[in-house]
Amino acid sequence: MNTPANSDKDISIVISLYNEVESLTELVGWIRSVMERNGYVYEIIMVDDGSSDGSWDKIISLSRTDRSVRGISFRRNYGKSAALYCGFKAAEGRVVVTMDADLQDSPEEIPEMYRMITEDGYDIVSGWKRHRKDNALTKNIPSKIYNAAARKITGIRLHDMNCGLKAYNSEVVKNIEVYGEMHRFIPYLAKNAGFTKITEKPVHHQKRKYGKSKFGMSRFVNGFLDLLSIWFLCTFGKNPMHFFGLTGILMFLTGGIIAVWLIISKLIHQSNGLDFRPVTDQPLFYLALVAVLVGVQLFLSGFISELVSRNSSERNHYNIKDTI
């Protein structure tokens, strides 16, 4: 079990940012006000994802005047998943909160989310932007479609899985690996790691005050593809033969049955002196052959995937809840 050792911090706030220099001073001041008002021992971990607007210089300046501010700077833009991974690794708090740096997420939501983790026993509390302040055509409608598909595939009943404002029990972030673009699906990663106490909380969403959004319509297309990828990996990652082998056998049998049926049908017609069409003149015969060949390839792909899986360093990696 990976948990912060001998940490006296209540909350770690992990903020991934890219070119948000204008909002950082106000954001840190707002967080500090909320934390001190509630008496929390806290830290703010700002991960600069390769900004080019002076964000890192601003973080250095803030850390000199506020000892709660820590910073991590990437040499180039790696993406939000990489930033969260490094932020989670550095976090020392009992509860880890993620939020965006654009002032659209309100730190005023953190105390209740913290209470839900520490008192109600939830593993994850995900924010739900019930009343979004974004453009309906470019963000709200695609977001509703995306979240509906995510609920169907993952089985997690969250209205806004991609909301940046979330609170986690520290055990969750220390026992999952966020990579690629999988930051959108941390609740699903957590569920597959055995952390099933997941809920949501309606949160206040504000209009962007500075700069402009770094995400366009393409993120929703990529989001669907990433969702299918993570579903496949979580479902068949340990036993790929169950997918490739079953699919290959079905295609092989389907193609083989069709081919045999065409040949038998031709022989019956020929033996009875009836008109018949040569098997090789029928397009269905070639489709059947393709199905047989693809079936064999899928089956062999399953064997190769099993060999890769069995030689993976993660093949015996399990999240142990406790020992006595």
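Per an unreviewed UniProt entry, the protein chain goes by the name Glycosyltransferase family 2 protein and belongs to Candidatus Cryptobacteroides avicola.

(A) Structural context of the sheet that holds strand E1 (residues 11–17). Strand order in the open sheet made by the 7 strands is E3-E2-E1-E4-E6-E5-E7, with mixed pairing throughout. Since the sheet does not close on itself, it has two edges, and those belong to strand E3 (69–73) and strand E7 (198–202), each with one partner. Neighbour to neighbour, the strand axes of the sheet diverge by 20° on average, direction disregarded. For E1 and strand E2 (residues 42–48), the ladder comprises 7 bridges, and the chain directions are parallel. Pairing of Ser16 across the sheet is with Val47, part of E2. Helix H2 (residues 55–65) contacts E1, E2 and E3 of the sheet and is inclined by roughly 155° relative to E3. Running over the sheet, helix H3 (residues 80–90) touches E1, E2, E3, strand E4 (95–100) and strand E6 (166–169) and is turned about 155° from E1.

(B) Just H2, in detail. Among the residues making up H2, those that are buried are Ser55, Ile59 and Leu62. Down the axis of H2, the buried set is contained in an arc of 65°. They therefore lie on one face. H2 presents Asp57, Arg64 and Thr65 as exposed residues on the side facing more than 90 degrees away from its buried surface.

(C) View of the UniProt feature "transmembrane region" (unreviewed entry) in the protein chain. Per the UniProt record, "transmembrane region" (unreviewed entry) is annotated on residues 216–236, 243–264 and 284–305. A distance of 32 Å separates the end C-alpha atoms of residues 243–264, which is 100% helix and 0% strand. Split by type, residues 284–305 is 100% helix and 0% strand. Its first and last C-alpha atoms lie 31 Å apart.

(D) Region of interest: the packing of aromatic side chains. The tally for this structure, following the rule as stated, stands at 6 aromatic pairs. Geometrically, the ring pair formed by Tyr40 and Tyr114 is tilted, given 4.9 Å between the ring centres and 55° between the ring planes. Here Tyr40 is found in the loop between helix H1 (21–38) and E2, whereas its partner Tyr114 is found in helix H4 (residues 110–118), with 74 residues between them in sequence. Its relative accessible area of 11% is what places Tyr114 among the buried residues.

(E) Region of interest: the pattern of salt bridges. Evaluated as defined, the whole model comprises 9 salt bridges. Asp100 serves as the salt-bridge partner of Lys80, at 2.9 Å between the closest nitrogen and oxygen. Of the two residues, Lys80 sits in helix H3 while Asp100 sits in strand E4, which places them 20 residues apart along the sequence. For the pair Lys80 and Asp100, a shared accessibility class is recorded, and that class is buried. Two residues, Glu112 and Arg115, come together in a salt bridge whose shortest N-O distance is 2.9 Å. With Glu112 and Arg115 both in helix H4 and 3 residues apart, the pair spans about one turn of that helix.

Parameters at a glance
- Residues numbered from 1 in each chain as written.
- Predicted model: local features only at pLDDT ≥ 70, side-chain atom pairs only at ≥ 80, totals over all residues.
- Heavy atoms only, no water.
- Pairing = 2+ DSSP bridges.
- Helix = DSSP H or I, 4+ residues; strand = E, 2+ residues; numbered from the N terminus.
- Axes fitted to C-alpha atoms, helices over the stretch in contact; angles between N-to-C directions.
- Contact = heavy atoms within 4.5 Å.
- Buried < 20%, exposed > 50% of the residue type's maximum accessible area, 1.4 Å probe, protein only.
- Arc of directions from axis to C-beta.
- UniProt positions renumbered as here; feature names shortened; annotations may be inferred.
- Phe/Tyr/Trp six-rings, centres within 6.5 Å; stacked < 30°, edge-to-face > 60°.
- Salt bridge = Lys/Arg side-chain N within 4 Å of Asp/Glu carboxyl O.

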